[in-house]
Amino acid sequence: MAANNFRHALFCAIITLIISYPIIGFNLEAQGIDVTLTGADASTIVMVLLAAVIVFLFQMFREQIMGGLKSLPHPLPQSSKEPMAENRRAKIESWVLTGIVVLALFWPFFVSRGAVDLATLVLIYIMLALGLNVVVGLAGLLDLGYVAFYAVGAYTFALLSQYVGISFWLALPIGALLAALFGLVLGFPVLRLRGDYLAIVTLGFGEIIRILLNNWTTLTGGPNGIGGIPDPTLFGMEFGRRVKEEGNTSFHETFGIAYSGEHKVIFLYLIALVLAVFTALVIRRFMRMPVGRAWEALREDEIAARSLGLSRTAVKLSAFTIGAFFAGFAGTVFASKQGFISPESFVFLESAIILAIVVLGGMGSQIGVVLAAIAVTILPELAREFSEYRMLIFGAAMVLMMVWRPQGLMPMRRIHIELKRQE
Amino acid sequence: MQDLLYFFQQLINGLTIGSTYALIAIGYTMVYGIIGMINFAHGEIYMIGAYTALIAITGLAALGIAWLPLILIVALICAMIVSSSMGWAVERVAYRPVRGRHRLIPLISAIGMSIFLQNYVHLAQGSRNIGFPALIDGGFNFGSGDGFQMSLSYMQITIFITTLICMTALSLFISRSRTGRACRAVSQDLGMANLLGIDTNRIISATFVIGAALAAVAGLLLGMYYGSVDPLFGFIAGLKAFTAAVLGGIGSIPGAMLGGLILGVAESMTSGYLSGEYKDVISFSLLILILLFKPTGLLGKPEVEKI
């Protein structure tokens, strides 16, 4: 047994060396058309060797280590506790949420402009993640082209404002509805497919939308994107220094205060906050409606759900469309926040980030998803020196999450009764 | 005559690209045939193969070795070793622990692995694309001097021959060898194969290793053919190869070969007669249409849903 263990550990260590040394240990440097090869510095090579040693030791003493980990107390004790009574839990939750929202309402007036800007981005990701949560978390449909609907929302606003001169408030429902329509049209044929095929088809759809945006230069400006997207107005009041459109007044003149660029940033933040809360509330309602229960029923056991008379297509299509609707919402806000959009903002990686948020937060759980969105967006900003490792850590986190805790950090818990075996 | 030559040129280009797609597609189709999951990180394994080959080629050039066949063979062997080890490690770390769970869980794990590997190479080698030396140049030209000239480069011939050798070797391996027979048994019924004393874990690992080795071959060939590599190089190629696998019928090895060739030709015809920018749109649309209307592909067997 020991010899066997040793052979296995040695094999794993050698594999570690093979997969890391050639890629990390040499640097390819392009000089003109020539490529030269340089060895990495000693510290990197020591790291590679260290990694191999760690793998060796871990594999060698795997059983002892795993046994030691098992005997440790569980890090999240509440996961084994019985859930609180539903009404009490709901009460506490709603109080906490209201408190957070009130705090979020006043918070931007006391912090810097950059922080508010970042917070707006976080809110956009929260909207996206909440929308995707319906599709992936609740209905169990893996959508890898979610960013396409986000792009539809953003481009709808950008194009309508450029060609028709439409305002933000009109574009918001139009963008969301158009995205929902796209979801409906795409969903209708593809939702008959099995889970993993569906994932690939949505991925292909996302890529098609991006390539079209990139190459339809006459309409979308191609890779140059569309600029000059107007800011939202408050009852006809603009936030610029000068009024751009006739009939509008400017915010700072109406209230007789000095002009400040911060007004616009805070206003956008507040819009995003209101919309994010709206998204959360609407989806919360849906979750408790029959359609929400049907999503989960279909996710858990498709055959059983269908034999109870649920229409597979209608239920899945509703989830897909609602998810797309909120992506369109977020897209409109994003276009307005940036003032400029290009296909580069809507690559597959963006879909993957949103998916990572949903997976990390706990599929189906709203609070978990919100917390994950905050963490995923803010952590790389806080640790700038680690920001280039962000995607590496994301990828690793997704794998580890699936291996150890596929239900996410804060899984959704429904009230349920389990039959306990009599001791 | 001119038109015909142009057509044949597109056909040759398409078959060249298509045969490398087929090499990558085999990795998808074998894994899918055995454990029913999409190995999303396969494109990245192919990319790592291309990088390793480039590192080996530059390293040998720095050592002063100039004999071409030696360079190519050493680069090929290095790329195959690194890619296969990577395939083995990926299966061990990211897929084996989640095997048998809900269908989406291995898929999400695979997407995570794909992002991880992409950024691993990105951090180690930078995000710029790096030129791949054109080791094999020259070729045959057909057609009159003043009109359109059809060319068949030595590189293209190399790609055809290498692919042919790999495919023949794989077919022989699957049909004749003991491990190949075990592979077929496992893909028919994993549980039963296990009961009959086949070490299924070993066979699944072997599948990943074989798929990764073929992807590494494709990495070297396509790297030389395109003339550059970058960390995102695997994503689109992986998606195309997956399309090829689905087109031919996922799970079927001859299907993957056929699908690769058809996809390659369809793509090069699109870029030859319509526009190069839309060739990706064509292949993704093809993928969507096949999945909608004939999810079993050209040579696949219909899947019966068991309750």
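Model, not experiment: these values are computed from the prediction.

Here the focus is the overall build of chain B. Within chain B, the regular secondary structure consists of eleven helices and four strands. For 307 residues, the compact-globule estimate of 2.2 N^0.38 gives 19 Å, and the C-alpha radius of gyration of chain B, at 20 Å, lies within 12% of that figure. Burial status across chain B gives 56% buried among its 307 residues. Look at the contacts in chain B between residues 6 or more apart in sequence, and 77% of them connect residues 24 or more apart. With the model as given, the accessible surface of chain B reaches about 12,500 Å², and the carbon-plus-sulfur share is 66%. Looking at chain B, you have 16 positive and 13 negative side-chain charges, and the mean spots of the two groups are 16 Å apart.

Moving on: the overall build of chain A. For chain A, the helix and strand inventory stands at 17 helices and four strands. Expressed as a percentage of its 423 residues, the buried residues of chain A come to 45%. In chain A, the share of contacts with a sequence separation of at least 24, taken over all contacts with a separation of at least 6, comes to 74%. Only carbon and sulfur atoms are counted for the fraction: they give 66% of the accessible area of chain A, which is about 21,700 Å².

All names here are of chain A. Scanning the entire structure with this criterion turns up 26 aromatic pairs over all chains. Each ring, one from F6 and one from F56, has its centre 5.7 Å from the other, and the planes form 90°; the classification is edge-to-face. Residue F6 is found in helix α1 (residues 2-25), and its partner F56 is found in helix α2 (residues 42-60); the two are separated by 50 residues along the sequence. The exposure class of F6 is partly exposed, given its relative accessible area of 40%.

Considering all chains together, one arrives at nine salt bridges over all chains under this definition. Taking the shortest distance from any N to any O, the salt bridge between E207 of chain A and R210 of chain A comes out at 3.0 Å. With E207 of chain A and R210 of chain A both in helix α8 (residues 195-215) and three residues apart, this pair spans about one turn of that helix. A salt bridge links E267 of chain B to K240 of chain B; its shortest N-O distance comes to 3.2 Å. Of the two residues, E267 of chain B sits in helix α10 (residues 253-273) while K240 of chain B sits in helix α9 (residues 233-248), which places them 27 residues apart along the sequence. Here the residues in one salt-bridge network are E296, R299 and E300 of chain A, joined through shared partners.

What follows deals with helix α11 (residues 279-293) of chain B. The end-to-end C-alpha distance of α11 of chain B is 21 Å, a good match for the 21 Å that 15 residues give at a rise of 1.5 Å each. Of the residues making up α11 of chain B, those classed as buried are D280, V281, S283, F284, L287, I288, I290, L291 and L292 of chain B.

So, on to the packing of helix α5 (residues 154-176) of chain B against helix α6 (residues 178-188) of chain B. All names here are of chain B. Look at α5 against α6: their axes get within 5 Å of each other, and the N-to-C directions meet at 75°. Taken together, α5 and α6 sit at an angle that is classed as roughly perpendicular. Of α6, the residues touching α5 (which contributes F173, I174, S175 and R176) are R178, T179, G180, R181 and R184. When grouped by side-chain class, the residues that make up the contact of α5 with α6 number two nonpolar, three polar and four charged.

Attention shifts here to the side chain of T243 of chain B. Within the secondary structure, T243 of chain B sits in helix α9. Setting aside residues up to four positions removed in sequence, T243 of chain B forms contacts with L263, S283 and L287 of chain B.

The next thing to look at is the interface of chain B and chain A. It is common to give the size of an interface as the accessible area lost on bringing the parts into contact. The interface of chain B with chain A comprises 63 residues on the first partner and 57 residues on the second. Together chain B and chain A conceal approximately 5,400 Å² of surface at their shared face, both sides included; 78% is due to carbon and sulfur atoms. Where chain B touches chain A, the interface holds five residue pairs in polar contact (both at pLDDT 80 or more). Mapped onto the side of chain B that touches chain A, the elements with two or more residues apiece are α2 (42-63), α3 (68-95), α4 (104-125), β1 (130-131), α9 and α11 of chain B. For the side of chain B that touches chain A, the element with the most residues is α4 of chain B, which contributes 16 residues. Of the residues contributing to the side of chain B that touches chain A, the split by class is 43 nonpolar, twelve polar and eight charged.

With respect to the helices and strands, the residue I200 of chain A is situated in helix α8. Filtering out sequence-adjacent residues up to four positions away, I200 of chain A remains in contact with I38, F40, F242 and L287 of chain B.

Take the domain arrangement of chain A next. We note that the domain assignment places domain 1 (2-68) and domain 2 (92-404) within chain A. One C-alpha centre belongs to domain 1 of chain A, the other to domain 2 of chain A, and the line joining them spans 40 Å.

Okay, the environment of L234 of chain A next. Residues and elements named next belong to chain A. Position of L234 relative to the elements: it lies in the loop between α9 (217-220) and β3 (237-238). Given the relative accessible area of 24%, L234 is considered partly exposed. A C-alpha to C-alpha distance of 27 Å links L234 and A129, two positions 105 residues apart in sequence.

All names here are of chain A. Considering the arrangement of structural elements, one finds T279 in helix α11 (residues 262-288). At a separation of 2.7 Å, a polar atom in the side chain of T279 contacts the main-chain carbonyl oxygen of L275. For T279, the residues in contact, after removing those within four places along its chain, are M127, L130, F326 and F329.

Moving on, we come to the confidence of the model for chain B. With 96% of its residues at a pLDDT of 70 or more, chain B shows a mean pLDDT of 86. Complex prediction metrics read pTM 0.85 and ipTM 0.83.

Let's shift gears to helix α16 (residues 366-382) of chain A. Look at α16 of chain A: 24 Å from first C-alpha to last across 17 residues, which is about the 24 Å you get at 1.5 Å a residue. Within α16 of chain A, the full set of buried residues consists of Q366, G368, V369, A372, A373, V376, T377 and P380 of chain A.

How each quantity is defined
- Residues numbered from 1 in each chain as written.
- Chains lettered and ligands numbered in written order.
- Predicted model: local features only at pLDDT ≥ 70, side-chain atom pairs only at ≥ 80, totals over all residues.
- Heavy atoms only, no water.
- Helix = DSSP H or I, 4+ residues; strand = E, 2+ residues; numbered from the N terminus.
- Rg over C-alpha atoms; globule rule 2.2 N^0.38 Å.
- Buried < 20%, exposed > 50% of the residue type's maximum accessible area, 1.4 Å probe, protein only.
- Contact = heavy atoms within 4.5 Å.
- Areas by Shrake-Rupley, 256 points an atom, 1.4 Å probe, with all protein chains shown as cover.
- Lys, Arg positive; Asp, Glu negative; His and termini not counted.
- Charge placed at Lys NZ, Arg CZ, Asp CG, Glu CD.
- Phe/Tyr/Trp six-rings, centres within 6.5 Å; stacked < 30°, edge-to-face > 60°.
- Salt bridge = Lys/Arg side-chain N within 4 Å of Asp/Glu carboxyl O.
- Expected span 1.5 Å × (residues − 1).
- Axes fitted to C-alpha atoms, helices over the stretch in contact; angles between N-to-C directions.
- Parallel < 35°, antiparallel > 145°, perpendicular 65-115°, else oblique.
- Nonpolar A, V, L, I, M, F, W, Y, C, P; charged D, E, K, R; others polar.
- Buried area = accessible area lost by both parts, 1.4 Å probe.
- Polar contact = N/O pair within 3.5 Å; in protein donor to acceptor, adjacent residues only side chain to side chain.
- Domains from an automatic or database assignment.
- pLDDT = per-residue confidence, 0-100.

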